[in-house]
Structures are given as structure tokens and as C-alpha cells.
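Chain and residue survey
Each chain, written out:
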Amino acid sequence: MTTTLPDWNTLQPGDALPALDLPPISRLALALYCGASGDHNPIHVDSDFAKSAGMPDVFAHGMLSAAWLARVLTNWVPQSAIRSLDVRFAAITHVGERITCTAKIAEKFELEGQRCVKLQLATANQDGLTKLTGEALVAWN
């Protein structure tokens, strides 16, 4: 987690933030997320339940992927600089997939005297299949 903002004057649209490469998604990670989030939906941890619902196996919580995208941001700026984070789910994230989270500056502007950047965010698996897309707004005081 960072505690200082990057130099706004050097940022340009198209600049990429450092990517976040995650280890393969494990059943343990899903169980730990259940406990941490309070989301105990059995479709994420119980293989029999997931199969009875027509899924091949358990799969990651959508909000876990959103949390990874937030981590990309907090690795770059302090949490207090993040004004918004919006995500859209594109595909299920399965056990064993390796997820990479990316972000790039889409726009740089001033709004009511505050310097801002809009970022485009995404998660994708090892085959390049997009799982989650999003947008964030970061502001400098």
C-alpha cells in the first residue's frame, strides 16, 4: 500500500499502472474470502452444491475480483485518493485460473479545481479472457 500520490504532472493518458499477477485461485483462497467477507454462499466453496446448480465446480466471488482491482489502485495511490470504483462482471473466474489485474490512465482532467485521472481497469485469466472490467476515479487534493 502506498502513502503518497504519484506526480500528477508526469501522468499521461495511456500510461499503465503496475499489473497485479495473482497465484492460481485455490479452494483455500475462496474459503478464506468467505470468512473475511461474510459471503458464505455455498456455490463458492461446496463442489456438490455448485454441481447441483449446473456449474462444473465452485468459482470465485465476483467481489473478490473487485477487491483485486482495488488492490491495484491502493498499490499506486493512498486509499483516500480513490473517489470511485465501478466494476462490471464479464465472466466467471474459476478455481485454478491465474488472474492478472491491469489499469491504465484513460483521461487526465481538472474538476472543480481538483486534479483527477480516470482509469480503465480489468482482470483477465492466463488465456487473456476478461473476467471483470471497471473504471476508477483518483483525485489529487
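From a predicted model like this one, the values you see are computed outputs, not experimental measurements.

A few points about the overall build of the protein
Along the backbone of the protein there are 3 helices and 5 strands. Once the C-alpha set of the protein is aligned to its principal axes, its extents read approximately 55 × 30 × 25 Å. Within the protein, buried positions represent 38% of all 141 residues. For the protein, the exposed area adds up to about 7,600 Å²; of that, 53% sits on carbon and sulfur atoms.

Thoughts on the pattern of salt bridges
Tallied over the full model, the rule gives 3 salt bridges. Of the charged contacts, one joins K118 and E107 as a salt bridge, the two residues approaching to 3.8 Å between their closest N and O atoms. Separated by 11 residues along the polypeptide, K118 in strand 4 (residues 114-124) and E107 in strand 3 (residues 100-111) bring together distant segments of the chain. Taking the relative accessible area as the measure of exposure, K118 reaches 24% and is therefore partly exposed.

Overview of the nonpolar core
Buried together is how nonpolar side chains tend to be arranged in soluble globular proteins. Grouped together as the largest cluster of nonpolar side chains are 33 residues, with contacts concentrated most on L17, W68, W76, C101, V117, L119 and V138. Counting residues per element, the ones that place at least two in this core are helix 1 (27-37), helix 3 (62-74), strand 3, strand 4 and strand 5 (130-140).

Here's the deal with the side chain of S65
Along the polypeptide, S65 turns up in helix 3. Sequence-distant contacts of S65, defined by excluding residues within four places in its chain, comprise T93, T123 and L132.

Examining the packing of aromatic side chains
Evaluated as defined, the whole model comprises 1 aromatic pair. With centroids separated by 6.2 Å and ring planes inclined at 80°, the aromatic side chains of W76 and W140 adopt a geometry described as edge-to-face. In this pair, W76 is assigned in the loop between helix 3 and strand 2 (82-89) and W140 in strand 5, connecting sequence segments 64 residues apart. Exposure class is identical for W76 and W140. Each is buried. Between K108 and the ring centre of W8, over which it is positioned, the NZ or CZ distance is 4.4 Å.

A look at the confidence of the model for the protein
Predicted coordinates in areas of low pLDDT are best not read in detail. Model confidence for the protein is summarised by a mean pLDDT of 94, while 99% of its residues fall at 70 or above. Mean pLDDT across the elements of the protein bottoms out in helix 1 (93) and peaks in strand 1 (residues 20-21) (98).

Some details on the side chain of K131
Of note, K131 is situated in strand 5. At 2.5 Å, the side chain of K131 and the backbone oxygen of I92 are in polar contact. Residues in contact with K131, not counting those within four places in the same chain, are F89, A90, A91, I92, T93, H94, E97, I99, T123, A124 and N125.

Comments concerning the sheet that holds strand 3
Read across the open sheet, the 5 strands follow the order 1-3-4-5-2; overall the sheet is antiparallel. Both edges of this open sheet fall to strand 1 and strand 2, since each of them pairs with a single strand only. Pairing of strand 3 with strand 4, which is carried by 11 bridges, proceeds in the antiparallel orientation. Across the sheet, E110 pairs through a bridge with R115, a residue of strand 4.

Conventions and cut-offs
- Residues numbered from 1 in each chain as written.
- Predicted model: local features only at pLDDT ≥ 70, side-chain atom pairs only at ≥ 80, totals over all residues.
- Heavy atoms only, no water.
- Helix = DSSP H or I, 4+ residues; strand = E, 2+ residues; numbered from the N terminus.
- Buried < 20%, exposed > 50% of the residue type's maximum accessible area, 1.4 Å probe, protein only.
- Areas by Shrake-Rupley, 256 points an atom, 1.4 Å probe, with all protein chains shown as cover.
- Salt bridge = Lys/Arg side-chain N within 4 Å of Asp/Glu carboxyl O.
- Core = buried A, V, L, I, M, F, W, Y, C linked by side-chain atoms within 4.5 Å.
- Contact = heavy atoms within 4.5 Å.
- Phe/Tyr/Trp six-rings, centres within 6.5 Å; stacked < 30°, edge-to-face > 60°.
- Lys NZ or Arg CZ within 6 Å of the ring centre and 35° of its normal.
- pLDDT = per-residue confidence, 0-100.
- Polar contact = N/O pair within 3.5 Å; in protein donor to acceptor, adjacent residues only side chain to side chain.
- Pairing = 2+ DSSP bridges.

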